[in-house]
Amino acid sequence: MVKSITLSPKDVRAKGTLKFQDIPLNQYSTPMKKAAKDFPKGDLLRMHRDMCILREFETMIDRIKKEGKYEGIEYNHRGPAHLSIGQESLSVGQAYTLTTEDYSFGSHRSHSEILSRGLRSIRQLDEKKLMDVMKNYFGGVTLSKVEKDAKGDTRDLADDFFIYGTLAEIFARETGWHKGLGGSMHAFFPPFGIYPNNAIVGGSGDITVGAALYKRINAKPGIVIANIGDASLGCGPVWEGLMMAAMDQCRTLWPKGHNGGLPIVFNFVNNLYGMGGQPVGETMGLQVLARLGAGVNPEQMHSERVDGMKPLAVIDAYTRKRKIIEEGRGPVLLDTLTYRFSGHSPSDSMSYRTKEELDEWMAEDAIPAFAKELVEAGVASQSDVDANIAKAKELVMKAFRKAIDPAVSPYLDTAGTDCIEKVMFSNKTKLALDDRKPEVLMPLADNPQMKRLAGKTRFGLDESGKKVSGMKTIVLKEAIFEAVIDRFYEDPTLAAWGEDNRDWGGAFAVYRGLTESIPYHRLFNSPISEGAIVGTGVGYALSGGRAIVEIMYCDFIGRCGDEVFNQMAKWQSMSAGVLEMPLILRISVGAKYGAQHSQDWSAMFAHVPGLKVIFPATPYDAKGMMYTALKGTDPVVFLESQRIYDMPEIFVKEGVPTGRYEVPFGEPALRKAGRDITIATLGATLYRAMDAAKILEEKYGLSVELWDLRSLNPLNYDPIIESVKKTGNLLLASDACERGSFLHDIASTVTSLAFDHLDAPVCVVGSKNWITPAAEQEDSFFPQDFWIVDAVHQRIRPLPGHQPRMNFSNGELVRINAKGV
Ligand SMILES: Cc1ncc(C[n+]2csc(CCOP(=O)(O)OP(=O)(O)O)c2C)c(N)n1
Ligand SMILES: [Mg+2]
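So, a few notes on the structure that sits alongside this text.

About the cut-offs
- Residues numbered from 1 in each chain as written.
- Chains lettered and ligands numbered in written order.
- Predicted model: local features only at pLDDT ≥ 70, side-chain atom pairs only at ≥ 80, totals over all residues.
- Heavy atoms only, no water.
- Helix = DSSP H or I, 4+ residues; strand = E, 2+ residues; numbered from the N terminus.
- Rg over C-alpha atoms; globule rule 2.2 N^0.38 Å.
- Contact = heavy atoms within 4.5 Å.
- Areas by Shrake-Rupley, 256 points an atom, 1.4 Å probe, with all protein chains shown as cover.
- Lys, Arg positive; Asp, Glu negative; His and termini not counted.
- Charge placed at Lys NZ, Arg CZ, Asp CG, Glu CD.
- Buried < 20%, exposed > 50% of the residue type's maximum accessible area, 1.4 Å probe, protein only.
- Near = heavy atom within 4 Å.
- Polar contact = N/O pair within 3.5 Å; in protein donor to acceptor, adjacent residues only side chain to side chain.
- Nonpolar A, V, L, I, M, F, W, Y, C, P; charged D, E, K, R; others polar.
- Pairing = 2+ DSSP bridges.
- Donors = N, O, S within 2.8 Å, 3.2 Å for Na, K, Ca; no water.
- Axes fitted to C-alpha atoms, helices over the stretch in contact; angles between N-to-C directions.
- 1 Å grid on protein atoms, 1.4 Å probe; cavity = no way out; pocket = protein on both sides within 12 Å on 5 of 7 lines; lining within 4 Å.
- Points joined across faces, edges and corners; volume = space filled by probe spheres on them.
- Parallel < 35°, antiparallel > 145°, perpendicular 65-115°, else oblique.
- Left-handed = near helix turned anticlockwise from the far one by under 90°.

## Some remarks on the overall build of the protein
Thinking step 1. Along the backbone of the protein there are 29 helices and 20 strands.
Thinking step 2. For a compact globule of 821 residues, the expected C-alpha radius of gyration is about 28 Å, and the protein comes in at 30 Å, within 12% of that figure.
Thinking step 3. Dimensions along the principal axes, computed over C-alpha positions, put the protein at roughly 100 × 70 × 50 Å.
Thinking step 4. Considering only contacts within the protein whose residues lie at least 6 apart along the sequence, 78% involve residues at least 24 apart.
Thinking step 5. Per element, the accessible surface of the protein, about 32500 Å² overall, is 53% carbon and sulfur.
Thinking step 6. Taking the average location of the 96 positive side-chain charges in the protein and that of its 103 negative ones, the two points are 3 Å from each other.

Okay, here's the thing in C-alpha cells:
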C-alpha cells in the first residue's frame, strides 16, 4: 500500500494569510458553590486532604535536607530532592481526572504527581483489585511493612502502602517501588498508570509520545500525559516529541480503529523557572508558553493556559481536553501555571528571585485558598480542613519512621554477586506481547518480496567456490527483511518506524516489500527526529509493545544520544526489572558518504551498560540475530554495515534457512580454523581479514584462524582464549577508528585472561584516527587486507622478505599519538 497524498502547486502557492485562533488564558472562574454540585460527596474535601499530604511529604524532605531532621527525628538523605511545594494543586487536579488506564510520565520534580495519582487510584479501584496490586507488587514485600500497624479499611491500608513505598524509593530502600534503584527523580508505579519520571530535563517529551503511539497502534484505552517543565521547552527532544505527536499521518493514513490524533497531553508544569533561569523575560521569547501550540498544527494543539493554582480549573481543562482526545483530535498542549515555593534543590540559595515575588505567590497558596473556598461554600467545615492537615502529618510521620528504619527498610545488596545481572537485562523470550491477531494486509506467502526471495538461492558460492551475484542469491539486507517481516506476522504489537521506513523501505531498502504487507500504523515514516525516533521507541517498549526503530547512519547517533545512552539503556535497571525494554535499534554504519556519514561508533554503545550490542557480518547471522533480538525483551543495538548489505552467505554451506532460527548473542563464530595466527574481526572487516588470511597463507605459509566476533555485548571470551592458547597471538580488526575502539577493550581482557599464552601483545587494527575521507580515498582510511598483513609483520611476527607499506612500528605509534592522531 503506497501512500497517495499529492501536493499541488496551485494549493501550496496560493496567495493568502495564515490565521490563528485565540488562545484562552486562565479562563476558569466557576464559583465553588456552583462547581461543587458536579462532584461526588467527599471528593473535594479529599482533594484538599491529598494536597495536604503532598505538602507535608515534601516539607518533611525539605526539613531533612536543610536541618537534618523532621519533627525532631534525625535523618540524613544523601540523594537529590527536587520538591514541588507550591505545585500541589496542579498535581491533585490532574490526578483527579485520570484513571489507572491513563499513563503519566514526569520529570525530576514529580513526587507530587506520583503521590496524587496514587492516592486518587486508591479511591478509584475496587478493594479487591487494590488488594491484588499491593499483594502482587514484588510479592507483597512493601505491603508487609505497613500491614501490621494499619488502621481502618483497605483504602486506608493502601494510603499507608503508597506513601511508604514512594518514600522508601526516594530513600533508596529495597522496599521502595523499584528497590531503591530509581530514587527520587526516577520513581514510578505502573499498576496505577504512573510511568517513569525522568531526571533528564525534557526526557519525557518524546518517551511519552511513544506511550501514546502504543495506545493508538494497539487500540488500547486511556490517554497519556507528559508532565514536563516550562524550561524543558528549550530541549530538542521536546520539540521532536511535539512534531511527532502531531504528525498528520495518524489521521490521514492510519486505518480505521487506529485512525486519529495521538492521545497525549503535553502538560507543561509552568512554574516560571528552570533552576534560576527564567523562560519568560530571560532564556526564551515565548512570554506565554501556550503560544507554542499555534505553531504545531492547525488546531494549535487545543492549547491554553490553565491556572494550576486552582485545582478545579485543572479538572475543568482535563475534562474538556479528554473529550477532544477521545474524538481523535489530539495532541493537546496545556500551559499549566504554578509556582514552586521551595528551592529548585536543597542547594538553591534563591539568588534568582526576590523575597517579594515569593511572598506574593505564597499569599496565593492554593491549599489554604482551596480550603477557604470549601468552607465558604459550605462544602466542608473548618474542623474538616484541620482534620486533613492533622491526618497528613500523621500519615507522613508514619511512613517516615518506617522508611528510615534499616530493620524495616533495608538497602538492596547491590554488591551481591548476581544483583546487577538480575536487573540489567530481562533476558526473556516472548513471541507475542499481546494475544490479538497481528494486523497485516496479505498472507505472508503472497508478499511480493517474499515471492521474489523464494526464487533466490540461499548459499552465495557456486560449485567452483566463486561468489554468486546478489541478483540470484539472498543477501544480508534481504536476510534481515525475512526475519523482520516474519515477526510482524507473529507479534501484533511489533511496530517499526524511522526515516523513510515505508515506501522507500529505509534508505538502503532493507524493508523493500514490507509496505505491501504491513498497515500504516505498524510501519511508518517518522519525521527527521532521531531523538524522538529512539525516544518514542523507549516509550512504546516500556508501555508493553515491541518496537524496531532505525537510525539511518551511525553518525547521526549524536542526535539521539540521550535516548540511547540514558533512556533505552537504563530503564530496566532503574526499575529493578519492573519494566522490560523490547526495543531494537537498527543502525546502519556508513561508507562512501564522507566524514559525517561513514563512522563506526560501535564503541560508544558498548561503553554504556544496559545495551546489548551486536554487529552481524553475514546473512545467516543477520537473520538469526534479528530473530533473537525480536523475540527478546531487552534493548538491542543492531549494527549493520552498508558495505555488506549486498553480501551473500558464503560461510554456512546449507545457506540462509528460509524458516525461523535464532543465532545467540555473544558467541564469536569461527570462520576459518588455523594454527599460527588468530584474527578476530567485528563487522564488515571480516571480509578484508579473509583476504589478508589468504595472503598470509599463500605468500608466507602461515595458517590463520579467523573469528567473527558478531557481538560487542554480551561477549563470551572462551573461544577466543582457546584460539590464543593455540596460536600464541591475536590481531583484532574493525572499521572503527583505532583510538577508543572496542577492540582495545577486548585486547586488554584477552591480555589479562591469556597473558601466559601470548607471544606478542594483542594488536588492534582500526581505521585512521581521522575523518572518513571521500569515497575515492576511503581505502587509505578503512583497514585493508595489506594493513593486516603489515600489522602481523610488525607487531606479531616478522614475515620473511615482507616489505610493509603501512607503519605499525612502536615509534610510529608513539609519534602519531603525540600528534593527537
Ligand atoms: C538535559 C539536562 N540538562 C540540565 C539538567 C539540570 N537541571 C535539572 S532540573 C533543571 C531545570 C529544569 O527546569 P524545568 O524543566 O522548568 O523544571 P522545574 O525544575 O522547574 O520543575 C536543570 C537545568 C538536567 N537534569 N538535564
Ligand atoms: Mg520550571
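## Regarding the side chain of Q87
Thinking step 1. Position of Q87 among the secondary structure elements: in the loop between strand 2 (73–74) and helix 4 (88–97).
Thinking step 2. A residue is classified by how much of its surface remains accessible, and Q87, at 3% relative accessible area, is buried.
Thinking step 3. Ignoring any residue separated from it by four or fewer positions in sequence, one finds Q87 in contact with R109, V269, N271, T338, Y339 and R340.

## Quick look at the site of ligand 1
Thinking step 1. Lining the immediate environment of ligand 1, one finds 14 residues, of which H108, R109, D230, N271 and Y273 sit closest.
Thinking step 2. Contact between ligand 1 and R109: an oxygen atom at 2.7 Å from a side-chain N or O atom of the residue.
Thinking step 3. In the environment of ligand 1, an oxygen atom lies 2.9 Å from a nitrogen or oxygen atom belonging to the side chain of N271.
Thinking step 4. With the chains in place, 71% of the 580 Å² that ligand 1 exposes on its own is no longer accessible.
Thinking step 5. Looking at the shell around ligand 1 residue by residue, the classes come out as six nonpolar, six polar and two charged.

## Digging into the pairing of strand 5 (residues 224–229)
Thinking step 1. The element strand 5 is largely enclosed, with a buried count of five among its six residues.
Thinking step 2. Judged from the three bridges that link them, strand 3 (residues 103–106) and strand 5 form a sheet pairing that is parallel. Across the sheet, residue F105 finds its bridge partner in strand 5, namely A226.

## Description of the coordination of the magnesium ion (ligand 2)
Thinking step 1. At this site the magnesium ion (ligand 2) is bound by D230 (OD), N271 (OD1) and Y273 (O), with donor distances of 1.9 to 2.1 Å.
Thinking step 2. Coordination of the magnesium ion (ligand 2) draws on donor residues from a single chain, spaced D-x40-N-x1-Y in sequence. Placement of the pair is D230 in the loop between strand 5 and helix 10 (236–245) and Y273 in the loop between strand 6 (264–270) and strand 7 (304–307), with a sequence separation of 43 residues. The same class applies to D230 and to Y273, which are both buried.

## So, the sheet that holds strand 8 (residues 332–337)
Thinking step 1. The parallel open sheet is built from six strands, whose spatial order is 4-3-5-6-8-7. Strands with a single pairing partner mark the edges of an open sheet, and in this sheet they are strand 4 (194–197) and strand 7. Each strand axis lies, on average, 25 degrees off the axis of its neighbour in the sheet, ignoring direction.
Thinking step 2. Where strand 6 and strand 8 come together, six bridges link them in parallel fashion. In the sheet register, N267 faces strand 8, and the bridge partner there is L334.
Thinking step 3. Where helix 10 meets the sheet, its contacts fall on strand 5, strand 6 and strand 8, and the angle it forms with strand 6 comes to roughly 150 degrees.

## A word on empty space enclosed by the protein
Thinking step 1. Enumeration over the complete set of coordinates arrives at nine cavities of 30 Å³ or more.
Thinking step 2. There is about 90 Å³ of room inside the largest cavity.
Thinking step 3. Lining the largest cavity are D43, R46, M47, D50, V92, A95, Y96, S116, R120 and R123.
Thinking step 4. Counting residues per element, the lining of the largest cavity draws most heavily on helix 3 (residues 43–67), at four residues.

## What to know about the packing of helix 26 (residues 718–727) against helix 27 (residues 742–754)
For any two helices packed against each other, the geometry comes down to the angle between their axes and how far apart the axes lie.
Thinking step 1. Across the interface, helix 26 lies against helix 27 with an axial gap of 10 Å and an inter-helix angle of 60 degrees. Regarding the angle of helix 26 to helix 27, the classification is oblique. For the element pair helix 26 and helix 27, the recorded crossing hand is right-handed. Of helix 27, the residues touching helix 26 (which contributes I720, I721 and V724) are V750, L753 and A754.
Thinking step 2. For the contact of helix 26 with helix 27, a count of residues per class yields six nonpolar, no polar and no charged.

## Considerations on the pairing of strand 11 (residues 547–551)
Thinking step 1. Taken across its five residues, strand 11 has five buried, putting it largely inside the fold.
Thinking step 2. Side chains of strand 11 alternate between two faces, with A547, V549 and I551 and I548 and E550 buried alike.
Thinking step 3. Alignment of strand 9 (residues 495–498) against strand 11, held across four bridges, turns out to be parallel. Within the sheet, the bridge partner assigned to W497 lies in strand 11 and is V549.
Thinking step 4. Here strand 11 pairs with strand 12 (residues 583–589) via five bridges, running parallel. Bridge pairing in strand 12 links I548 to I584.

## Let's talk about the sheet that holds strand 20 (residues 763–767)
Thinking step 1. Taken in spatial order, the five strands make up an open sheet running 15-17-16-19-20, and their pairing is mixed. Strand pairing shows two members of the sheet lacking a second neighbour, strand 15 (669–672) and strand 20, which therefore form its edges. If you compare each strand with its neighbour and ignore which way they point, the axes differ by 25 degrees on average.
Thinking step 2. Across the sheet, helix 27 is in contact with strand 16 (677–682), strand 19 (731–737) and strand 20; its angle to strand 19 comes to roughly 155 degrees.

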